[in-house]
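Next come the chains, spelled out residue by residue.
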Amino acid sequence: MKTVAVITEFNPFHRGHEYFLRKVRRLSNADNVIAMMSGNIVQRGEPAVFDKFTRARFALLNGADLILELPDAISAGSAPDFAYGAVSIINSLNVVDELWFGSEHGSEDLFDEVSDILIKEPEEFSDILKKELKNGSSFPKARSAALASLLNRDKFVTDDIVSFLSSPNNILGIEYCLALKKLGSNIIPRTITRIGCGYNENDINKQFPSASAIRNTLRENISLIRSHTDSSDPSYKNFVENFKKYIPDNIPQYFDISKLLKRALFPDDFSLILRYKLLCETPETLCRYLDINEDLARRIKTNEHLFKSYTQFALLLKTKNQTYSHISRALAHILFDIKNEDRQKAFSSEYVRVLGFMKNSSVMGLIKKSSDITPAVKPSVQCRVAYSSEVFSSNLYYSVLSHVTDLPYVHEFSHEIVIL
């Protein structure tokens with residue numbers, strides 16, 4: 001019985017994700033595919049465009065057997081935290097044989113070489129890293145320079161290494177491999193070359209447009225989506241039909257796409273709440289939140305009078321050494337009350353939240369027999385305490401969703417998991 005895992009956001013789930021899941025199953029010849037998925041907050045530091053149960057259903061309809069939720073302190077963490085936290089949970093299941101991920105590179109060799117250097121940290125690597133940092137390079141650039149210097153002597157071409165180390169999915173892939181080695185895991189890393197749009201490409205007309213391109217299209221048309229109650233309106237109907245091109249063919253069989261689109265949320269829907277939270281904080285109290293140091297806390301308070309929206313403020317705070325994604329994650333931590341202690345709590349949790357599973361799959365039975373971590377289907381009192389941060393953040397997410405859409409508010413634990 002072979003079981004493989006993927007680490008995902010599905011934000012939103014699209015044809016490229018369907019292709020990926022089905023190809024993973026085919027290439028791995030797996031009996032079970034587990035998706036470790038971000039909940040209602042994603043790694044770029046934003047609320048997910050569709051809620052976690054909707055995305056879980058999409059994934060189960062298109063190749064996954066089980067959807068597990070990443071705790072918020074992991075899903076909205078830096079790349080190393082995101083990767084290590086997700087891999088730790090997958091490793092604790094004690095049923096996963098392979099971890100599959102998409103990458104721009106498409107071969108495991110270079111991932112293995114790079115992660116090997118990072119785990120061993122040879123003296124020459126450390127010397128170059130320190131020199132680059134002293135010369136003013138950011139840590140990612142300094143680390144890339146040190147890696148490139150060591151790898152140049154081997155079988156890899158310099159230009160290939162530079163390109164490899166600057167590609168977002170490759171960077172996450174390195175972190176996955178590094179996490180597996182740190183944990184001493186027997187899980188084998190496997191990768192598939194991405195096709196269609198790159199990670200941040202916005203060409204919506206390619207065969208497999210990126211999640212970023214789809215989100216941008218939704219964001220640009222959100223006024224049209226929210227203002228039209230009549231789905232027969234020509235402009236709105238045309239938009240709905242175009243959106244169907246980006247998602248798997250079977251989704252419209254189970255969802256009213258017009259109603260689905262009206263459930264889309266974006267960071268700026270949370271702007272007023274974030275503004276209130278910032279007004280309540282001081283530079284000292286801001287440092288309690290994950291990924292916020294004294295410098296960023298001071299800049300937040302110095303510039304808070306210029307706040308107009310979530311995204312505008314993140315752009316305003318961006319610097320050479322702190323990217324938009326870093327700032328956005330920090331603001332998400334403030335908004336959703338994710339503090340420094342929540343990081344370690346997430347890494348050491350005894351529970352993992354089940355968002356959905358396929359009834360005909362054996363994977364739940366395998367996990368219950370072998371896992372070091374408890375899969376929470378109907379959360380117990382202990383699980384509710386362990387997941388207190390997720391309860392707050394999800395209830396905030398569903399509160400804003402209710403306000404934006406006029407749909408009834410549903411408490412986190414009143415949502416039924418998806419069973420197909």
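Residues numbered from 1 in each chain as written. Predicted model: local features only at pLDDT ≥ 70, side-chain atom pairs only at ≥ 80, totals over all residues. Heavy atoms only, no water.

K.L.:
Tell me about the pattern of salt bridges, and name the residues and values.
P.N.:
Within this structure, the stated rule accounts for 22 salt bridges. With a shortest N-O distance of 2.6 Å, Arg 15 and Asp 249 are connected by a salt bridge. Linking Arg 15 in helix α1 (residues 15-28) with Asp 249 in the loop between α12 (234-243) and α13 (251-254), this pair joins segments that are 234 residues apart in sequence. A salt bridge links Asp 65 to Arg 25; the shortest N-O distance between them is 2.5 Å. Within this pair, whereas Asp 65 is found in the loop between α2 (52-60) and β5 (66-70), its partner Arg 25 is found in helix α1, the two being separated by 40 residues in sequence. Counted as one network, the salt bridges with shared partners bring together Lys 52, Glu 69, Arg 353 and Glu 412. (Salt bridge = Lys/Arg side-chain N within 4 Å of Asp/Glu carboxyl O. Helix = DSSP H or I, 4+ residues; strand = E, 2+ residues; numbered from the N terminus.)

K.L.:
Please set out the layout of surface pockets residue by residue, giving values where relevant.
P.N.:
A water-sized probe rolled over the atoms picks out the places where empty space is left. Approximately 290 Å³ is the volume attributed to the second largest pocket. Lining the second largest pocket are Asp 51, Phe 53, Thr 54, Arg 57, Phe 255, Asp 256, Lys 259, Leu 260, Arg 263, His 415, Glu 416 and Val 418. Of all the elements in the fold, those that place two or more residues in the lining of the second largest pocket are α2 and α14 (257-261). Here the lining of the second largest pocket takes three residues from α2, the largest share from any one element. Its residues assigned to classes, the lining of the second largest pocket comprises four nonpolar, two polar and six charged. (1 Å grid on protein atoms, 1.4 Å probe; cavity = no way out; pocket = protein on both sides within 12 Å on 5 of 7 lines; lining within 4 Å. Points joined across faces, edges and corners; volume = space filled by probe spheres on them. Nonpolar A, V, L, I, M, F, W, Y, C, P; charged D, E, K, R; others polar.)

K.L.:
Could you give an account of unusual backbone geometry, naming the residues involved and the relevant values?
P.N.:
Cis peptide bonds are those with omega within 30 degrees of zero, and the linkage from Asn 11 to Pro 12 qualifies with 0°. Residue position: Pro 12 is located in the loop between β1 (3-8) and α1. Its identity is not glycine, yet Asn 94 carries a phi of approximately 60°, on the positive side. Mapping Asn 94 onto the fold places it in the loop between α4 (79-92) and β6 (98-103). Residue Asn 94 is classed as partly exposed on the basis of its relative accessible area of 41%. Even without glycine at this site, Glu 121 takes up a positive phi of about 45°. Relative to the elements of secondary structure, Glu 121 occurs in the loop between α5 (108-120) and α6 (123-134). (Buried < 20%, exposed > 50% of the residue type's maximum accessible area, 1.4 Å probe, protein only.)

K.L.:
Can you lay out the nonpolar core for me, pointing to particular residues and giving the numbers?
P.N.:
Counting 130 residues, the largest nonpolar core has Ile 7, Ile 34, Leu 218 and Phe 243 as the members making the most contacts within it. Residues in contact with Phe 243, not counting those within four places in the same chain, are Phe 50, Ile 214, Leu 218, Ile 257, Leu 260 and Leu 261. (Core = buried A, V, L, I, M, F, W, Y, C linked by side-chain atoms within 4.5 Å. Contact = heavy atoms within 4.5 Å.)

K.L.:
Mind laying out the environment of Ile 373, listing which residues take part and the relevant values?
P.N.:
As for its placement among the helices and strands, Ile 373 is situated in the loop between α21 (363-370) and β9 (374-376). Note: C-alpha distance between Ile 373 and Leu 66 (307 residues apart in sequence) is 15 Å. Contact partners of Ile 373, with chain neighbours within four places excluded, come to Ile 89, Ser 92, Leu 93, Ser 349, Glu 350, Tyr 351 and Val 352.

K.L.:
I'd like a rundown of the packing of α5 against helix α7 (residues 139-151), residues and numbers included.
P.N.:
In the contact formed by α5 and α7, the axes pass within 11 Å of each other and the chain directions differ by 110°. Looking at the two axes, α5 sits roughly perpendicular to α7. Both α5 and α7 take part in a crossing whose hand is right-handed. Of the residues in α7, those in contact with Leu 110, Glu 113, Val 114, Ile 117 and Leu 118 of α5 are Arg 143, Leu 147, Leu 150 and Leu 151. Here the residues of the contact of α5 with α7 sort into seven nonpolar, no polar and two charged. (Axes fitted to C-alpha atoms, helices over the stretch in contact; angles between N-to-C directions. Parallel < 35°, antiparallel > 145°, perpendicular 65-115°, else oblique. Left-handed = near helix turned anticlockwise from the far one by under 90°.)

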